[in-house]
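The primary structure of each chain is shown beneath.
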Amino acid sequence: MAERMGSTDGFQYRALYPYRKEREEDIDLLPGDILVVSKGALQALGFKDGDEQNPNQIGWILGVNERTKQKGDFPGTYVEYVGPVKISVPSHRPRVQRPLPATPGAGGCRLQEAPEQGSPLPDLQEQFSPPEIAPPLLVKLVEAIEKKGLDSEMLYRTSGSELRQALRTDWSLGDLEPFDVHSLGEALRGYLQDLPSPVVPVAVHGDILRVLQEVPQPENCRKQLLLALESPAVPLQNTLTLQFLLRHLGKVSQQAESNNLHPRALGEIFGPLLLRLPGASPELSPDFSVLFLETLLQLKELEPEQLPPALPPKPPKPKPSAASLANGNSVPLQDAEWYWGDISREEVNEKLRDTPDGTFLVRDASSKIQGEYTLTLRKGGNNKLIKIFHREGKYGFSEPLTFGSVVELITHYRHESLAQYNAKLDTRLLYPISKYQQDQVVKEDSVEAVGEQLKVYHQQYQDKSWEYDLLYEEYTRTSQELQMKRTAIEAFNETIKIFEEQCQTQEKCSKEYIERFRREGNEKEVQRILMNSEKLKSRITEIHDSKMKLEQDLKKQASENREIDKRMNSLKPDLMQLRKLRDQYLVWLTQKGARQKKINEWLGIKNETEDQYSMMDDEEELPHHEERTWYVGKINRLQAEEMLCGKRDGTFLIRESSQKGCYACSVVVDGDTKHCVIYKTASGYGFAEPYNLYASLKDLVLHYKHTSLVQHNDSLNVTLAHPVLSQPPAR
């Protein structure tokens, strides 16, 4: 006879995938969460002994998340069986409704959790707690780095930045937008270095070293390392932080074609920061930290994330129409071009990337509470998230809620500045990201109309470029002056040190001489010694004053320099957007057969003048038309560099990429060979969205024969001028 299920017996399950509750009775899951289920709950569903080991066949299961202490339903397809467990009988108290926690990293209030100014970093357990996925400081740094781009060859390889120097004494991060990706990368390494205890605790170092020494087969080594990291000796915060960093470093290694940061290189940079082993000894190789991270970064799990399995079926629950809730009798919300419904924050960031200030869209709030929405607005080169509140049929950004619908609210602020709501948001909702016009950039319907609009965009781009160039010149000049002043302050410090040493020496020696001259009655010599001493002290005071004045000037000029940098960064999105629009109009005109002479007129270019848009008279005779002159098929990065070694700037080739389904362009820039990925998408070939619009590799090559690659990467100020296998022109 089968053993009868008792209410004090239960089972443990481990979550394999993240799940965000869809109904009030559900609970949230993060990978690694332990769920406890009573046998009584399964018995009530009609399941027998042994069925608990196949949760995917049970469907929805009632249990408790040990991490969050939430009790409710979770999908059996999202978990794996761990084993039996003894549980206490729960009291039958009614469940109190609790508000959902804020989405990690979603609000500006997250910065309040940063350490106080001047204080050292606390342990990970003090920096955050679930359901947050990582320390807010770390999340902010990683988001800023990924936003700037992961394709730089100098990423995580620089030192000495101003940001890192500042963070040595103050980890209260402010606005990171002005800093480049190299400074941010150094700050991330500094964060890991300044942690009081390593991300991988000392308690499991012995197990990890044993695995690395005794398990040579990579796949088995990987599994054993994961088991070692699941030890109870590893706090949950350390596990979540390591998982977060591995996801980020996995993204970095996927860009190895451009940044050359393969798992081995990342292991050398980050391994010793995450796994701080004692000093090398004869029996302990210093490479173990490197090998540890390299092995983890080669995990299959770090490749593009697998989608979780389908949810078990659940009886449908009727929901009132979002449009009827949000808009009353006005235009339905779902028909508004700027309303995108239930899309993620990451998708929003991608859609607003490199857009000008005033660009906006509206989506459903992450809280999933019906009637709540989030407005995302581009301001100062950053995305600002503004919650739209809803109560008793009224909407607004703050009390009192006065608008009858979301459409009415957005329409109002398309004509009025948001400074009415927040003084820092001195802009209107100018440019909606339209869900209806994602593939229709060129809206005019005739070549002449498109040409006239090209003329407008080109003039706007030139005006912004001129403004940016002036700021850049000023920024360069002040940066040089700042460096000179810093050098001068260092010189002052050395001078003060020398004078103070002289002063000490003189005081020591003059004491004996003064006593001797006074005994001899030589008051004149005594006065001379005292006068020299006073002069020396006076000189030291003068140097101190000069140094203090210079430090004040430096502080003031550094502040002005940062303001210039901020203005430059706020111009960059406008420049990129205008360049993108201009180039797309150019492509449209070229595809419609517009003559180059006419295009040059719209661009204000004299046809006899050579520049990046003027075509050669014998355009059809360009070697670029022959694929055999630049397409070299399946060769690797090193072979490409050998082919281009010693070639002039602009010499290039196209090859198959190590990234599946992609190609790579290798081009000579400033005497060095650079590599960039060419993506093949449904809309065409290109280096990045939204530029993936060329019907063939040949079309792409012909376009970048006249257009610089600098729009995709600041270090690639070059055109695809010379196919590597073409014959040089006869002289």
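Residues numbered from 1 in each chain as written. Predicted model: local features only at pLDDT ≥ 70, side-chain atom pairs only at ≥ 80, totals over all residues. Heavy atoms only, no water.

K.L.:
Mind laying out the overall build of the chain, listing which residues take part and the relevant values?
P.N.:
Looking only at helices and strands, the chain features 20 helices and 16 strands. Split into buried and exposed, the 731 residues of the chain put 43% on the buried side. Long-range contacts, defined as pairs at least 24 residues apart, comprise 62% of the intrachain contacts of the chain with a sequence gap of at least 6. If you sum the accessible surface of the chain, you get close to 40300 Å²; carbon and sulfur atoms cover 51% of it. (Helix = DSSP H or I, 4+ residues; strand = E, 2+ residues; numbered from the N terminus. Buried < 20%, exposed > 50% of the residue type's maximum accessible area, 1.4 Å probe, protein only. Contact = heavy atoms within 4.5 Å. Areas by Shrake-Rupley, 256 points an atom, 1.4 Å probe, with all protein chains shown as cover.)

K.L.:
Summarise the sheet that holds strand E4 (residues 71–75); cite the residues concerned and give the values.
P.N.:
Ordered in space as E4-E3-E2-E1-E5, the 5 strands form an open sheet in which the pairing is antiparallel. The open sheet terminates on both sides in strands that have one partner only, identified here as E4 and strand E5 (79–86). Direction aside, neighbouring strands of the sheet carry axes that sit 45 degrees apart on average. Where strand E1 (residues 9–15) and E5 come together, 7 bridges link them in antiparallel fashion. Note that in E5 the partner of Phe11 across the bridge is Pro84. (Pairing = 2+ DSSP bridges. Axes fitted to C-alpha atoms, helices over the stretch in contact; angles between N-to-C directions.)

K.L.:
Break down unusual backbone geometry for me, with residues and values.
P.N.:
Even without a glycine there, the phi angle at Glu392 is positive, about 50 degrees. Backbone geometry at Asp670 places phi at a positive 50 degrees, although glycine is not the residue there. Residue class for Asp670 comes out exposed when judged on its relative accessible area of 70%.

K.L.:
So what's going on with the packing of aromatic side chains? Residues and values would help.
P.N.:
Taken as a whole and assessed by the stated rule, the structure comprises 13 aromatic pairs. Ring centres of Tyr19 and Trp60 lie 5.9 Å apart, and the angle between their planes is 65 degrees; on these two criteria the pair is classed as edge-to-face. You can see Tyr19 sitting in the loop between E1 and strand E2 (34–38) and its partner Trp60 sitting in strand E3 (residues 60–65), a full 41 residues away along the chain. By relative accessible area, Tyr19 is classed as buried at 6%. A centroid spacing of 5.8 Å and a plane angle of 80 degrees characterise the contact between Tyr19 and Tyr78, whose relative ring orientation is edge-to-face. Residue Tyr19 is found in the loop between E1 and E2, and its partner Tyr78 is found in the loop between E4 and E5; the two are separated by 59 residues along the sequence. Taken together, Tyr17, Tyr19, Trp60 and Tyr78 form an aromatic cluster joined through their ring pairs. One Lys or Arg, Arg582, reaches over the ring of Tyr461 and ends 4.4 Å from the middle of that ring. (Phe/Tyr/Trp six-rings, centres within 6.5 Å; stacked < 30°, edge-to-face > 60°. Lys NZ or Arg CZ within 6 Å of the ring centre and 35° of its normal.)

K.L.:
Just give me the short version of the pairing of strand E7 (residues 373–379), but keep the residues and values in it.
P.N.:
Counting buried positions along E7 gives 7 out of 7 residues, so the element sits mostly inside the fold. Neither face of E7 is left uncovered, since the one carrying Tyr373, Leu375, Leu377 and Lys379 and the one carrying Thr374, Thr376 and Arg378 both have all their residues buried. Bridge count between strand E6 (residues 359–364) and E7: 5 bridges; the pairing is antiparallel. Within E7, the position partnered with Val362 by the bridge is Leu375. Looking at chain direction, E7 and strand E8 (residues 382–391) are connected through 7 bridges and run antiparallel.

K.L.:
Describe the pattern of salt bridges, naming the residues involved and giving the relevant values.
P.N.:
Under the counting rule described, the total for this entry stands at 23 salt bridges. In this structure, a network of salt bridges that share partners links the residues Glu153, Arg637, Glu641, Asp672 and Lys674. (Salt bridge = Lys/Arg side-chain N within 4 Å of Asp/Glu carboxyl O.)

K.L.:
Can you break down helix H12 (residues 288–297) residue by residue, with the values?
P.N.:
Taking burial as the measure, the 10 residues of H12 include 9 buried ones, the bulk of the element. Among the structural elements, helix H7 (205–214), helix H8 (218–229), helix H9 (236–254) and helix H11 (263–274) are those in contact with the buried residues of H12.

K.L.:
An account of the nonpolar core is requested, with residue identities and associated values reported.
P.N.:
Within the largest apolar cluster, 56 residues are counted, with the highest numbers of intra-cluster contacts made by Tyr156, Tyr191, Leu192, Ile208, Phe270 and Phe292. Broken down by secondary-structure element, the contributors of at least two residues to this core are helix H4 (136–148), helix H5 (162–167), helix H6 (181–194), H7, H8, H9, H11 and H12. Once you skip the residues sitting within four places of it in the chain, Leu192 turns out to touch Val199, Leu245, Phe270, Leu273, Leu274 and Arg276. One finds Leu377, Ile388, Phe403 and Ile410 within the second-largest nonpolar core, a separate group that totals 22 residues. (Core = buried A, V, L, I, M, F, W, Y, C linked by side-chain atoms within 4.5 Å.)

K.L.:
Mind laying out the packing of H11 against H12, listing which residues take part and the relevant values?
P.N.:
Running from amino to carboxyl end, H11 crosses H12 at an angle of 120 degrees, the nearest separation of the two axes being 7 Å. As the angle between them shows, H11 and H12 are arranged oblique. The hand of the H11/H12 crossing is right-handed. Contact residues: Pro263, Arg264, Leu266, Gly267, Glu268, Phe270, Gly271, Pro272 and Leu274 in H11; Ser289, Val290, Leu293, Glu294 and Leu297 in H12. Looking at side-chain class alone, the contact of H11 with H12 contains 8 nonpolar, 3 polar and 3 charged residues. (Parallel < 35°, antiparallel > 145°, perpendicular 65-115°, else oblique. Left-handed = near helix turned anticlockwise from the far one by under 90°. Nonpolar A, V, L, I, M, F, W, Y, C, P; charged D, E, K, R; others polar.)

K.L.:
Explain the confidence of the model for the chain residue by residue, including any values.
P.N.:
The pLDDT averaged across the chain works out to 77; a share of 82% of its residues lies at or above 70. Below pLDDT 50 for its whole length, residues 608–618 participates in 19 contacts with residues either more than four positions away or in separate chains. (pLDDT = per-residue confidence, 0-100.)

K.L.:
Just give me the short version of the sheet that holds E7, but keep the residues and values in it.
P.N.:
Spatial strand order, E9-E8-E7-E6-E10: 5 strands in an open sheet with mixed pairing. Looking along the sheet, the strands with just one partner apiece sit at the ends: strand E9 (394–396) and strand E10 (431–432). Note that E6 and E10 share 2 bridges and pair parallel. Bridge pairing in E10 links Phe360 to Pro432. Packed on one face of the sheet, helix H15 (residues 406–415) meets E6, E7, E8, E9 and E10 and runs near 165 degrees to E6.

K.L.:
Which residues make up the environment of Val79, and what values do they have?
P.N.:
Its location among the elements puts Val79 in strand E5. Along the sequence, Val79 and Leu35 sit 44 residues apart, while their C-alpha atoms lie 8.7 Å from each other. Sequence-distant contacts of Val79, that is, excluding residues within four places in its chain, are made with Tyr13, Arg14, Ala15, Leu16, Leu29, Leu35, Pro55 and Phe74.

K.L.:
Give me the side chain of Ser289: which residues, what numbers.
P.N.:
The topology assignment puts Ser289 in helix H12. At 2.8 Å, the side chain of Ser289 forms a polar contact with the backbone oxygen of Leu275. Setting aside its immediate chain neighbours within four residues, Ser289 contacts Gly271, Pro272, Leu275 and Leu277. (Polar contact = N/O pair within 3.5 Å; in protein donor to acceptor, adjacent residues only side chain to side chain.)

K.L.:
Quick one: what's the story with the pairing of strand E14 (residues 672–681), residue by residue and with numbers?
P.N.:
Looking at chain direction, strand E13 (residues 663–669) and E14 are connected through 7 bridges and run antiparallel. When the sheet's bridge partners are listed, Cys665 is paired in E14 with Cys676. In textbook terms, the turn of a hairpin is the stretch between consecutive antiparallel strands, and for E13 and E14 this stretch comprises 2 residues, one of which, Asp670, has a positive phi near 50 degrees. As paired strands, E14 and strand E15 (residues 684–686) are joined by 3 bridges and run antiparallel to one another. From the neighbouring strand, Thr681 faces E15, where its bridge partner is Gly684. The loop that links E14 with its antiparallel partner E15 comprises 2 residues.

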